[in-house]
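# Coordinate analysis (summary)
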Amino acid sequence: MAEATPIRPLPAASVETWHREADVVIAGYGIAGVCAAIEAARAGAEVLVLERTSGWGGAAALAGGFIYLGGGTPLQKALGFEDTPENMKAFMMAALGPGADEEKITDYCNGSVDHYNWLVDNGVPFKESFYGEPGWETPFDDGLMYSGGENASPFKEVATPAPRGHVPQMTGKRTGEKGGGYMLMKPLVETAEQLGVVAEYDMRVQRLVVDETGRVVGIVAKQYGTELAIRARKGVVLATGSFAYNDEMVQQFAPRLIGRPGAAIEEHDGRAVRMAQALGADLAHMDATEVAFFGDPQLMVRGILVNGRGQRYVNEDTYPGRIGQETLLRNENQAYLIIDEAAYEEGCAATSSTPFFRFPPKWAAETVEELESDMGLPAGTLQTTVEVYNRHAENGEDPVLGKREQFVKPIGLPVAALDLRGCTAGFTLGGLRTSLDSEVLHVSGEPIPGLFAAGRCTAGVCAGGYASGTSLGDGSFYGRRAGIAAAKG
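The present account deals with the structure reproduced in this document. (Residues numbered from 1 in each chain as written. Predicted model: local features only at pLDDT ≥ 70, side-chain atom pairs only at ≥ 80, totals over all residues. Heavy atoms only, no water.)

With that settled, consider the overall build of the chain. Scanning the chain from terminus to terminus reveals 14 helices and 21 strands. A globule of 489 residues ought to have a C-alpha radius of gyration of about 23 Å, and the chain, at 23 Å, matches this closely. Based on the C-alpha atoms only, the size of the chain along its principal axes is roughly 80 × 50 × 40 Å. When each of the 489 residues of the chain is scored for burial, the buried share is 59%. Partitioning the contacts of the chain with sequence separation of at least 6, the portion at a separation of at least 24 is 74%. (Helix = DSSP H or I, 4+ residues; strand = E, 2+ residues; numbered from the N terminus. Rg over C-alpha atoms; globule rule 2.2 N^0.38 Å. Buried < 20%, exposed > 50% of the residue type's maximum accessible area, 1.4 Å probe, protein only. Contact = heavy atoms within 4.5 Å.)

Structure representation (structure tokens):
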């Protein structure tokens, strides 16, 4: 919902009283904000964080905790996986486009190993254990898994598969409540506190403050209804998350997500994007969206997904976020999982992090023809799809979509269909265009003096596609850059 409060920048000359001040003022205490705070403080800056809610964490603390890292991290090497920055870049350019920012992805891949080491040095724990089953995330405390379809078609033909989903170790984790993301945030916040970073909570940022030269010198926020002017002697960092819960912005930029926001917290209202836009900030990839698919991967790999025409449209062994994008963006949000009785029971018996995505079949039949009729599909469509799939599956092959041999098995009888129509939600990936130093760029291409940004309020490494871990990955990576640059003033 659009806010009625002013967004246009406030001239510094009109500020009668600065209620607070610091060298670096950061809006948002999620992953981008905490990493900016640590690096700014280590650079010698006095740091003040303004957080809208009553505690640290943001969407990051509720996330599964994937951090997309590679290029040969110590964890990859310890678990026997080879990777290079070049190989990582080849995958990311293919999977995160179209229109992926090659300069930013190259920079991210080249700095990935150092970033992993930085996280470890700041107390983030990673267990030397690999989880190789299909899943949205590991149901255990494993430290590494495939999180973007790297080992599935079409990407395994583009780059040598390597798992890059690094997950902080978390005991007693609860998916969607307290997971790896919490164990990513907790040690980082503790590090920030030890460095003297001060956080003010229940602070809703309103607009930026600029001096007569156009430099950002502060921010206006409301705390318990009282408007406060906060001066930033060196720089302001915006790290307030996406615009997934701003209905007006979603309708304007990413209409496929209307009515189906999937961000973890409703505070993702796009305020930072609008505040910077009012200064002439450039935007990028505002139509790009991550799309979650409410299907359990352990079931999906054992069946075939078909659209409203009874046709397969995606290999079922790929990253479920890619399945979600293909379903919502290119198949009218129409999806059915066709699976036989034995495969369904086997999938339900497998360990999964998302057992709540295991729905009972809506239709069951003794023949595919009968199932097709019950589902209301055009006569012959599903029968043809299953016949072609089974013909090749007898040889362990899937020449149509390239599902891996280990998951290719003929669909038997009796057969059923799970109704997965409309089972999608997502969050926005577009936002402010930034430099490699996290400077917010004006539409002219020049940096806006004194203004920096990182995390989901920016257009990061994802331009269209997505891999789990890229939000926490580039949020933390470029959050650090923002803190370093802001501290320089």
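We are not done yet, so read on.
It is worth spelling out the nonpolar core at this point. Side chains of nonpolar character tend, in soluble globular proteins, to be buried together. Ranked by size, the top nonpolar core spans 86 residues in total, and within it V34, V47, M92 and L188 carry the most contacts. No other element matches the 9 residues that helix 1 (residues 31-42) contributes to this core. In terms of nonpolar packing, the next biggest core, distinct from the first, is built from 36 residues, V216, A232, M249 and V291 among them. (Core = buried A, V, L, I, M, F, W, Y, C linked by side-chain atoms within 4.5 Å.)

Taken in spatial order, the 4 strands of this open sheet run 14-15-17-16, and their pairing is antiparallel. Each having just a single partner strand, strand 14 (304-306) and strand 16 (363-365) make up the two edges of the open sheet. Across the sheet, the axes of successive neighbouring strands diverge by a mean angle of 25 degrees, strand direction being ignored. Across 3 bridges, strand 14 lies against strand 15 (residues 336-340) in antiparallel orientation. Across the sheet, L305 pairs through a bridge with L337, a residue of strand 15. Strand contacts of helix 11 (residues 341-349): strand 15 and strand 17 (415-419), with the helix running at about 105 degrees to strand 15, the strand carrying the most contacts. (Pairing = 2+ DSSP bridges. Axes fitted to C-alpha atoms, helices over the stretch in contact; angles between N-to-C directions.)

Inspection of the secondary structure assignment puts S153 in the loop between strand 6 (144-145) and strand 7 (165-166). The class of S153 is buried, set by a relative accessible area of 9%. Placed 249 residues apart in sequence, S153 and G402 show a C-alpha to C-alpha distance of 5.7 Å. Not counting the four nearest positions on each side in its chain, S153 is found in contact with N315, T318, R322, L401 and G402. From its side chain, S153 meets the backbone oxygen of G402 in a polar contact 3.2 Å long. (Polar contact = N/O pair within 3.5 Å; in protein donor to acceptor, adjacent residues only side chain to side chain.)

So, about the side chain of N87. You can see N87 is positioned in helix 3 (residues 85-95). The buried category is assigned to N87, whose relative accessible area is 14%. When residues no more than four places from it in sequence are discounted, the contact partners of N87 are A159, T160 and R164.

Glancing now at the sheet that holds strand 4 (residues 67-68). As summarised here, the arrangement of the 4 strands in space is 4-7-6-5, forming an open sheet in which the pairing is mixed. A single partner strand is all that each edge strand has here, and the edge strands are strand 4 and strand 5 (130-131). Two elements, strand 4 and strand 7, share 2 bridges in a ladder whose sense is antiparallel. Its bridge partner being in strand 7, I67 is matched across the sheet by H166.

Right, let's talk about helix 3 for a bit. Turning to helix 3, its buried residues number three or more, namely N87, M88, F91, M92 and A95. Burial along helix 3 is one-sided: seen end-on, the buried residues are contained in an arc of 130 degrees. (Arc of directions from axis to C-beta.)

Where helix 12 (residues 368-375) meets helix 13 (residues 381-393), the closest approach of the two axes is 8 Å, and the angle between their N-to-C directions is 140 degrees. Relative to helix 13, the element helix 12 lies oblique. Judged by the sense of rotation from one axis to the other, the crossing of helix 12 with helix 13 is right-handed. Contact residues: V368, E369, L371, E372 and M375 in helix 12; T381, L382, Q383 and V386 in helix 13. Along the lines of polarity and charge, the residues of the contact of helix 12 with helix 13 split into 5 nonpolar, 2 polar and 2 charged. (Parallel < 35°, antiparallel > 145°, perpendicular 65-115°, else oblique. Left-handed = near helix turned anticlockwise from the far one by under 90°. Nonpolar A, V, L, I, M, F, W, Y, C, P; charged D, E, K, R; others polar.)

What follows is about the environment of T470. Mapped onto the elements of the fold, T470 is located in helix 14 (residues 470-488). Taking the relative accessible area as the measure of exposure, T470 reaches 2% and is therefore buried. Along the chain, T470 and A78 lie 392 residues apart, while their C-alpha atoms are 22 Å from each other. If near-sequence neighbours (up to four positions away) are discounted, T470 is found in contact with Y68, L96, V461, C462 and G475. At 2.7 Å, the side chain of T470 forms a polar contact with the backbone oxygen of A467.

Right, let's get into helix 6 (residues 180-194). Residues three or four positions apart in an α-helix share a direction because the helix packs 3.6 residues into each turn. Taking 1.5 Å per residue, 15 residues should reach 21 Å; helix 6 reaches 22 Å between its end C-alpha atoms and fits that length. Where helix 6 is concerned, the buried positions are G180, G181, M183, L184, M185, P187, L188, V189, T191 and A192. Those residues of helix 6 that are buried lie in contact with helix 1, strand 4, helix 5 (112-121) and helix 14. A positive phi of about 90 degrees marks G196, the residue just after helix 6. (Expected span 1.5 Å × (residues − 1).)

What follows deals with unusual backbone geometry. The omega angle of the peptide bond from S153 to P154 is 0 degrees, so this bond is cis rather than trans. Relative to the assigned elements, P154 resides in the loop between strand 6 and strand 7. Here the bond from L413 into P414 is cis, since omega is -5 degrees, no more than 30 degrees from zero. Position of P414 relative to the elements: it lies in the loop between helix 13 and strand 17.

The next subject is the pattern of salt bridges. One pass over the structure, following the stated rule, counts 25 salt bridges. For R433, the salt bridge identified is with D282, shortest N-O distance 2.8 Å. One end of the pair, R433, is in the loop between strand 19 (431-432) and strand 20 (439-441); the other, D282, is in the loop between helix 8 (271-277) and strand 12 (283-284), with 151 residues separating them in the sequence. Here R312 makes a salt bridge to D398, at a shortest N to O gap of 2.9 Å. With R312 in the loop between strand 14 and helix 10 (320-330) and D398 in the loop between helix 13 and strand 17, this pair connects stretches of sequence that are 86 residues apart. A single network of salt bridges, built from pairs that share partners, joins E21, D23, E46, R231 and R233. (Salt bridge = Lys/Arg side-chain N within 4 Å of Asp/Glu carboxyl O.)

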